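Coordinate analysis (summary)
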Amino acid sequence: MDKPKANLDAVGIFWIVFCLSWTIILCCGMIFLWRRRHMPMLKIRGLGISFTAILFLHMYWGAVQTGYCYLPLCPPVIVYMIMSIWLPFGIALFNASNSRFLHIAQKQRDLFAAEKSPRETSKREKPTTLLGRFRNVDYSKKILILVGIGMAFQFCLTLFMYLSSRKFHDSFGIPGTEVTGTKEERLNAQMSGWEWWPSVFWQVLWAWIVAPVILWKARKINDTQGWRFQTIASCIVSLHATPMWLIAVYVPAMAPINKYWIPPQWIAISVMMLEILTVFFPIWEVLRHQTLRQETLESIAQWEANKKGGAGGAARSVITGSTTMAGSGFTVFSKDSKLSAQESILTMSALEHVLERNPEPLQKFSALRDFSGENIAFLRAVAEWKSSLPASVRDPEGIKDGSIRELVRERFNSALRIYTNFVSSRDAEFQINLSSADLKKLEDVFETSARILYGDKQEVDPATPFDMFAGPSIHPDNASSNGSEIGIMMQPKTDTEVIGDKALYWGEIPDSFDENIFNDSEASIKYLVLTNTWPKFVKDRRLSLDSEGRLEAGNAL
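As the structure is a computational prediction, the values presented were derived from the model and not from experiment.

Helix and strand content of the protein chain: 24 helices and two strands. Going through the 557 residues of the protein chain one by one, you find that 50% of them count as buried. In the protein chain, the share of contacts with a sequence separation of at least 24, taken over all contacts with a separation of at least 6, comes to 76%. Put simply, the protein chain shows about 26900 Å² of open surface, and 61% of that area lies on carbon and sulfur atoms.

The following block contains the structure:
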């Protein structure tokens, strides 16, 4: 009998080259994203868990794509372990990663675009049972716990089926599970059967149950991040995988195809498409964002050049590939409120005008579609805080005066709430994206006070900032007379937050605290909004107004 040898013919070489080439391309894409992981649009995706899922899926994909070459030399038990561990683990982690879409969309809506005032939260009783404690765990941790339990169960089930089935070993196992016949018949029997079915359970669960449920719940979400499209595409490309694998394994007519295209490669098609959607689709979104940002900056520069050049009357229109601007009075926040004819719609002054006069549409757009509602909420909170400062507090010398120290303390506590709700990596559910220098400046002033008032909480991972602390809601109607910035703050949820929100800090106020404490961070977030959310909002409002105009014209006819 001939000794088995690897298939290194033209087909085998093709699969090896194809596998290595795609692996290099995929690694380059992952490196591209990881080096830009601090971008808000990538932070929100949680690259850590996504890349872990891709690692397991790609190991499975590589083993399957080169299976034509080494299967003649490989014992079936190795193939069984690859199929039963790497694929389920990768799909389970992919489920956990993609489920963030719906969770973040719901939290952004509840926190920053609530239609009704949030209900007052009373102090919760500490759970006494394990189930009660689990229910109090935040969503992201809860998903990871459930997925971890599922992965552990899958591993134990795989090990149990291997030990109990005599297909893989003749010396022990459940009687009646052994296989007989020629070597080829035994090999074919070992590569199929009930032992393999749990290996595709997670894939079926994702493609046929989880993804459709997510899509149904997210049917009214039209985000600018491309997450909804990514989920739809991930579901569609995964539907064929398990049915085609079953057909290839159990239908004898597929034998000629299986010689060159082994059954698991039907699942590998789905895996490769998931890799494209998880790595290269976000890359396209990043490049599109950079293009839009560059067009915005060029448009602003051209408008400023036109203004300095003494362009008479209205500033000349600036037209780009993605956004049209004109000084004709086009407005992005209402039909009745208009900027000066001399103002370009994409300038900082236009953004500040909207933030001052009518920020609600921008707030809702950023929360419901851009998933960046914390930025607008922070700018509004800081603006309200500054406008509520008495003249005596604005005076640097007056701050040192003991007669107004209590007034200073009240404003410090209001500023401290802004810090904990939007800036602190330990307290903020949606932390705004500041440079390390701006963040350190605020931490030096507020962090010690925040820990005294709110306790020592676990710090949020900078790469996945939304994995901690179930959070609160905001509503403009909650503004108070002694600091209306509280009206757009997040309401407390946990015991510590309830106490911290009601309590005041009575310790020493840092000397560096003054009315300008938020200036640098405010300018940074304004620039971020100007070059990210604002152009998208302008474009969306223009399309909306154009659509309304066409509808009115049609009705007139």
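All right, on to the confidence of the model for the protein chain then. Regions with low pLDDT should not have their predicted coordinates read in detail. Averaged over every residue, the pLDDT of the protein chain is 78; residues scoring 70 or more account for 77%. At the level of individual helices and strands, the protein chain shows its lowest average pLDDT in strand E2 (residues 324-325), which scores 39, and its highest in helix H1 (residues 10-35), which scores 96. The model gives residues 117-125 a pLDDT under 50, and that stretch makes 16 contacts with residues more than four places away or in other chains.

Side chains of nonpolar character tend, in soluble globular proteins, to be buried together. By size, the foremost hydrophobic cluster in this structure holds 109 residues, and its most contacted members are Phe-378, Phe-446, Phe-513, Phe-518 and Trp-534. Top contributing element to this core by residue count: helix H5 (residues 76-98), with 13 residues. Phe-518 has contacts with Phe-378, Val-382, Trp-385, Ala-415, Ile-418, Leu-442 and Phe-446, leaving out every residue within four places of it along the chain. The next biggest cluster of nonpolar side chains, apart from the first, holds 13 residues, and it includes Leu-33, Met-41, Leu-42 and Val-286.

A positive phi is found at Phe-371, a non-glycine position, where the angle reads about 55°. Within the element layout of this structure, Phe-371 appears in the loop between helix H16 (360-368) and helix H17 (373-387). Classification of Phe-371 as buried rests on a relative accessible area of 3%.

What follows concerns H5. Compared with the 33 Å implied by 1.5 Å per residue over 23 residues, the 32 Å span of H5 between its first and last C-alpha is a close match. With 20 of its 23 residues buried, H5 lies for the most part within the structure.

This paragraph deals with the environment of Ala-207. With respect to the element layout, Ala-207 can be found in helix H10 (residues 201-217). Distance from Ala-207 to Ser-238, taken between C-alpha atoms, is 5.4 Å for residues 31 residues apart in sequence. Non-local contacts of Ala-207, meaning those with residues more than four positions away in its chain, are made with Pro-212, Cys-235, Ser-238 and Leu-239.

A surface patch of nonpolar side chains, about 350 Å² in accessible area, is lined by Phe-155, Leu-159, Leu-163 and Phe-172. With relative accessibility at 37%, the residue Phe-172 sits in the partly exposed group.

The geometry of an aromatic ring pair comes down to the distance between the two centres and the angle between the two planes. Counted under the stated rule, the structure contains 32 aromatic pairs. Aromatic rings pair up to connect Phe-378, Trp-385, Phe-412, Tyr-419, Phe-422, Phe-446, Phe-513 and Phe-518 into one cluster. In this arrangement the basic side chain of Arg-36 is found over the ring face of Phe-32, its NZ or CZ atom lying 3.8 Å from the centre. Note that Arg-219 overlies the ring of Trp-216, its terminal NZ or CZ placed 4.0 Å from the centroid.

Looking now at the pattern of salt bridges. Evaluated as defined, the whole model comprises 14 salt bridges. For Arg-369, the salt bridge is made with Asp-540, and the minimal N-O distance between the two is 2.4 Å. With Arg-369 in the loop between H16 and H17 and Asp-540 in helix H24 (residues 533-556), this residue pair connects regions lying 171 residues apart in the sequence. Between Asp-444 and Lys-440 there is a salt bridge; the shortest N-O distance is 3.2 Å. Taken together, the residues span about one helical turn, with Asp-444 and Lys-440 both in helix H21 (residues 436-454) at a distance of four residues.

Next up on the list: the side chain of Thr-296. Within the secondary structure, Thr-296 is located in helix H14 (residues 265-308). Given a relative accessible area of 1%, Thr-296 falls into the buried group. For Thr-296, the side chain forms a polar contact with the main-chain oxygen of Leu-292, separated by 2.8 Å.

Moving on to the environment of Ser-435. Note that Ser-435 resides in the loop between helix H20 (405-423) and H21. In this structure the C-alpha to C-alpha distance between Ser-435 and Ser-524, which are 89 residues apart in sequence, comes to 8.2 Å. Within the structure, Ser-435 has its side chain in polar contact with the side chain of Asp-438 (distance 3.2 Å).

Definitions and cut-offs
Residues numbered from 1 in each chain as written. Predicted model: local features only at pLDDT ≥ 70, side-chain atom pairs only at ≥ 80, totals over all residues. Heavy atoms only, no water. Helix = DSSP H or I, 4+ residues; strand = E, 2+ residues; numbered from the N terminus. Buried < 20%, exposed > 50% of the residue type's maximum accessible area, 1.4 Å probe, protein only. Contact = heavy atoms within 4.5 Å. Areas by Shrake-Rupley, 256 points an atom, 1.4 Å probe, with all protein chains shown as cover. pLDDT = per-residue confidence, 0-100. Core = buried A, V, L, I, M, F, W, Y, C linked by side-chain atoms within 4.5 Å. Expected span 1.5 Å × (residues − 1). Patch = residues over 30% accessible without salt bridge, like charges linked within 9 Å, V, L, I, M, F, W, Y side chains within 5 Å. Salt bridge = Lys/Arg side-chain N within 4 Å of Asp/Glu carboxyl O. Phe/Tyr/Trp six-rings, centres within 6.5 Å; stacked < 30°, edge-to-face > 60°. Lys NZ or Arg CZ within 6 Å of the ring centre and 35° of its normal. Polar contact = N/O pair within 3.5 Å; in protein donor to acceptor, adjacent residues only side chain to side chain.

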